[in-house]
Amino acid sequence: MPHGETVDRPATAQVWAWLAELPDPEIPVISLTDLGIVRDVAWQGDTLVVTVTPTYSGCPATGIITLDIERALRERGIGKLRIDRQLSPPWTSDWLGPEAREKLRAFGIAPPVPGSAAMPGAARARSLADGLSVACPRCGSDRTERLSQFGSTPCKAAWRCRDCLEPFDYFKCI
Amino acid sequence: MSALTETTMPETTLSADAVLFETLLRVGDSALILGHRVSEWCGHAPTLEEDIAQANVALDLIGQATLWLGLAAEVEGAGRDADALAFRRDAGGFRNLLLAEQPNRDFAVTVMRQFLFDAWHAELLAGLAASTDPRVAEIAAKARKEVAYHLDRSETLVIGLGDGTPESHARMQAALTRLWPFTGEPFRGDATDAAAAEAGIAPDPAALEPGWRARVEAVLAEATLTLPDTARFRSGGRSGVHGEALGLLLAEMQFLQRAYPDATW
């Protein structure tokens, strides 16, 4: 559909498809829908309501994401649009699908290891990295080590491969 | 009001919304002020990884503060927003723990302050995640996942530096001794805390101490650090009685909004 053309209530499936084309501002290899932050798309009368949840409380990309969604949908002819913020349930890296994980790996970011999300409380291991095996996204080696719990964006940690010696980002579980 | 009169305050006559507002300020201000303190390391940390980690922790804390203070402003209903609360209150209006405002000094003090705070923060957020107010519970549920990473990092550093070189051990012990007097305040409630606990909005501060103490003692033992036996605990932050450090911090944090009110860019 040509940009700028006014449309009459496109189907929500169509809106989801448009949102799936929007790259994450900080990790452009995956889309906003890959990331799992778009929680709902619904029409309320003649207003399109898109519900978005932030990844991390202070993620600076959140504001950009809202602007990107608004601009993209206005270009598609959506006149009445509201973007709601939803905090609950809190975003989890478990919402990244298999396809998104493969895209991350191909981009050089180790995808989150399922089941290793930060579990606050008594069940938590001494260190969140203990027993965590993260494969190097470049050479595939499992001989890797964590350099820091934090990395170049709030959602990543800094790791290093002990075989190919390359440092890499690990998309951490939360 | 001085810190000395704090415990003899008359019974609270605050409305339910006023108790909620005050509780949100206490939680949000501690996150904001520690977040700002940690951000002061940006570009100055001893290693690149630590510089990035400090910036990330600061970002999380300031993001959490934005959520807490945003809700506080909504509850207050006086037309203020999170920015107005952060940038247009004077020191006496801040409700953060004294621990959060302590200056960075060296990396040992920064790391020890973070650990003592994170261990409390994790306990607090676990309690707030069970709040009867769903708006409080959902912010806490999100924040506690982030704080699990803060605590993982700070306790790893406390152990590594405490059980490290003679120099790092001595600095960590000095940091612990310096900061210990600020570790009584988080667990001493007042009438507002009692009202919040009664309403199920927030946990009773005293109830957080056993979990905090168990973790702190275990980590400090592994770090070969000795728990100070001082009982000269300082408090007052949560009723707005702060040290000089907070005024200096605010002078920098609030400068732009004070000098150029409503500036946009």
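Details of the structure are given in the entry above.
All values reported here derive from a predicted model rather than from experimental measurement. (Residues numbered from 1 in each chain as written. Chains lettered and ligands numbered in written order. Predicted model: local features only at pLDDT ≥ 70, side-chain atom pairs only at ≥ 80, totals over all residues. Heavy atoms only, no water.)

**As for the sheet that holds strand β7 (residues 167-171) of chain A**
All names here are of chain A. Strand order across the open sheet formed by 4 strands is β4-β7-β6-β5, with mixed pairing between neighbours. Looking along the sheet, the strands with just one partner apiece sit at the ends: β4 (109-110) and β5 (144-148). In terms of strand pairing, β5 meets strand β6 (residues 156-161) through 4 bridges, oriented antiparallel. Each residue of the ladder has a partner; that of S148, found in β6, is A158. (Pairing = 2+ DSSP bridges. Helix = DSSP H or I, 4+ residues; strand = E, 2+ residues; numbered from the N terminus.)

**A word on the packing of helix α5 (residues 107-128) of chain B against helix α6 (residues 134-162) of chain B**
Residues and elements named next belong to chain B. Between α5 and α6, whose axes approach to 7 Å, the crossing angle comes to 145°. Considering only the axes of α5 and α6, their crossing is left-handed. Residue classes in the contact of α5 with α6 are distributed as 18 nonpolar, 4 polar and 4 charged. (Axes fitted to C-alpha atoms, helices over the stretch in contact; angles between N-to-C directions. Left-handed = near helix turned anticlockwise from the far one by under 90°. Nonpolar A, V, L, I, M, F, W, Y, C, P; charged D, E, K, R; others polar.)

**Describing the sheet that holds strand β3 (residues 81-85) of chain A**
Residues and elements named next belong to chain A. The strand order β1-β2-β3 describes an open sheet built from 3 strands, whose pairing is mixed. In this open sheet, the two strands that pair with only one neighbour each are β1 (38-44) and β3. The average undirected angle you get between the axes of adjacent strands in this sheet is 20°. In this sheet, β3 lies alongside strand β2 (residues 47-52) in parallel orientation, the contact comprising 5 bridges. What sits directly across from T51, in β3, is D84. The strands touched by helix α3 (residues 61-75) within the sheet are β2 and β3, with β3 carrying the most contacts at an inclination of about 155°. (Contact = heavy atoms within 4.5 Å.)

**Quick look at the state of the cysteines**
One pass over the full model with this rule turns up 0 disulfides over all chains. Cysteine C59(A) remains unbridged, with the sulfur of C155(A) as its closest cysteine sulfur at 6.5 Å. On the basis of relative accessibility, which here comes to 12%, the residue C59(A) falls in the buried class. With no disulfide of its own, C42(B) lies 16 Å from the sulfur of C59(A), the closest cysteine sulfur. (Disulfide = S-S within 2.5 Å. Buried < 20%, exposed > 50% of the residue type's maximum accessible area, 1.4 Å probe, protein only.)

None of the figures reported here should be taken as evidence of function without further support.
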